[in-house]
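# Analysis of the macromolecular model
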Amino acid sequence: MQQPQMAPWVGPNYKLQGNSMASREAINCFLQSGEGKAKYDALLIGTPGTALLSDLESIVGTQEASCRGLHLTGSSPYKGGNLYWVYGSKLGYTYKEELTGELKSVELYDVGLDTKRVSIADNGFSVVVATGESMYVVDIFTDVVEDITTELPFTNPLQVKFLLGRLYAICGDPSILTNDDLSDAIKSNLIWYSELADAKAWDGLSNVPADLSSDPITAIDVRQGDLWALGTRTYQIFATTADPDKPLAYVSGSGTTIGVGAPDTVATIGNNIFWLGSNASGRNMIFKGAGYNSVRISDHSVEDALERLSDLASSAYGFTYQDGGHQFYCVTIPSGSYEFEGSTEFSYGETYTFNTLTGQWHRCASRKPLTGELEAWQPLFSAFAWGKIVVGNLLWSSLMELRNDTYTDYDPTTADKKKPILRRYAGPQMFNNLQTFICHEFTWDILQGQAPLNGLSSEPMAQLEVSYDGGNTFGSLIPAKLQQTGHYAGVLKWIGLGASRSFVFRVTITEDMQFMAGQARTRHSMSVLP
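Residues numbered from 1 in each chain as written. Predicted model: local features only at pLDDT ≥ 70, side-chain atom pairs only at ≥ 80, totals over all residues. Heavy atoms only, no water.

## Focus: the pairing of strand β33 (residues 350-355)
In terms of residue burial, β33 counts as a mostly covered element, since six of its six residues are buried. Side-chain alternation along β33 places Glu350, Tyr352 and Phe354 on one buried face and Thr351, Thr353 and Asn355 on a second face that is also buried. In the sheet, strand β30 (residues 326-333) pairs with β33 via six bridges, with the strands oriented antiparallel. Pairing of Ile333 across the sheet is with Glu350, part of β33. With antiparallel pairing between neighbouring strands as the criterion, β33 and strand β34 (residues 360-367) make up a hairpin whose turn holds four residues, including Gly359 at a positive phi of roughly 70 degrees. (Buried < 20%, exposed > 50% of the residue type's maximum accessible area, 1.4 Å probe, protein only. Helix = DSSP H or I, 4+ residues; strand = E, 2+ residues; numbered from the N terminus. Pairing = 2+ DSSP bridges.)

## Quick look at the sheet that holds strand β37 (residues 388-393)
Spatial strand order, β5-β38-β37-β36: four strands in an open sheet with antiparallel pairing. Lying at the two open borders of the sheet, with one neighbouring strand each, are β5 (49-55) and β36 (379-385). Averaged over all pairs of adjacent strands, the angle between strand axes in this sheet comes to 35 degrees, irrespective of strand direction. (Axes fitted to C-alpha atoms, helices over the stretch in contact; angles between N-to-C directions.)

## What about the pattern of salt bridges?
Considering all chains together, one arrives at 23 salt bridges under this definition. Across the salt bridge formed by Lys90 and Glu107, the nearest N and O atoms sit 3.4 Å from each other. Here Lys90 is found in strand β8 (residues 90-96), whereas its partner Glu107 is found in strand β9 (residues 103-110), with 17 residues between them in sequence. Residues Asp512 and Lys418 are paired through a salt bridge, measuring 3.8 Å at the closest nitrogen-oxygen approach. Of this pair, Asp512 sits in the loop between β48 (502-509) and β49 (516-526) while Lys418 sits in strand β40 (residues 418-420), placing them 94 residues apart in sequence. For Asp512, a relative accessible area of 24% gives the class partly exposed. (Salt bridge = Lys/Arg side-chain N within 4 Å of Asp/Glu carboxyl O.)

## Side note on the side chain of Ser366
When you line up the elements, Ser366 lands in strand β34. At 2.9 Å, the side chain of Ser366 forms a polar contact with the backbone nitrogen of Gln378. Once residues lying within four places of it in the same chain are set aside, the contact partners of Ser366 are Glu373, Leu374, Glu375, Ala376, Trp377, Gln378, Asp409 and Lys419. (Polar contact = N/O pair within 3.5 Å; in protein donor to acceptor, adjacent residues only side chain to side chain. Contact = heavy atoms within 4.5 Å.)

Next up, the structure:
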């Protein structure tokens, strides 16, 4: 018996066009270190499920209404803050009633039906909502909403952020600001700021030029007390000052010729800022801020997907969340038609997730309940509120909770309002000098005995598919039983898997149970065939 060459079985998602040279898939499971204390150095962990937290249909309406924005305030009349949201055309918030612990929701205003994301920030007294066309100010303590769009010195407010007592905004206004004392400037190349502690006061002279390059600013975000301003071809960083007439100052040397190709992908968590980049030379690389510089974090697998879906990539969006000691950055390429290799294709959307702890990628996906097809992950936006990871919903007017002890996804269209999570892992290619060998047995060490006592998953199964051509095509599903509740010993095992110069094993599990897996092994022999 000889051992074929193979990389460690568990790993990240890494699939290249054509598949033959790289066909790893990690869908709804991610790589986690064993930290030198677990059975294996590396484990596969299942992504969290989603549970309904608050149904907003009675407020938003019965039409499909995607979440357009989510923001939790620190100050509030209610313990735990106000969670402001925009679904469809409705602006409102949800709070936790202190006596009963129930979540209550309040409708505030109709901001106009649209599918575009909104930007929400607060200064402790007021919440500001920028829709791309209008700007609204909400009094946190009285719920009074004012439309201040016509009072602004610019039009088309795109984004708004809070930093050191002021609100900062950017706009899509291409008109020229003419000053008597200062040189003229294009309004979309300026960072506008409010008066201290006054979200409604925006003066025509209260702006800072971001004129390192002529590209307009399309996204801003705050990282470690600095304001990052990103255009289509460049970014530059501003630090706060003690000068009330000039609260921002350009950080010398921070300008870089890397811009943002999809403004909605800019997101921060901890001391990290992420975005889908572009510049004058190209596009479709994902970056992370490193000090005042940036580093590429996308690998060729993610970049292949971005290139394949490049017609849709400019509409990509991102968000971050933290769970189980990991910080995740999720970037979603939305559904739609696209051109690739001379033909028109359709994508249901794809979500790629970066784990800052391991520096590796995996895919998150939701499942269509009727067809089983995978689509973009349902959660979007996140906030840690009331001790829960709260996320918006891509398809329906509801707030959901990410939970590691929930192994299904929320879906109001099914009888029990939940649907299975498909977890799929395809390992690396197994080969030995491209010689033919016979695979007698494939065994995977996976968490057992965690199935529910009743229901469809009480007799859990795993399905194996084998590819003999580098992951381009797979054979029929080969089932194997997982151990029932309380039976913790045992492994997944398949026998008599044929002969080939290379093997790719792909395992799919859709059961309502915890997922955790370690390494795998094969039993095999070399063939007399070349």
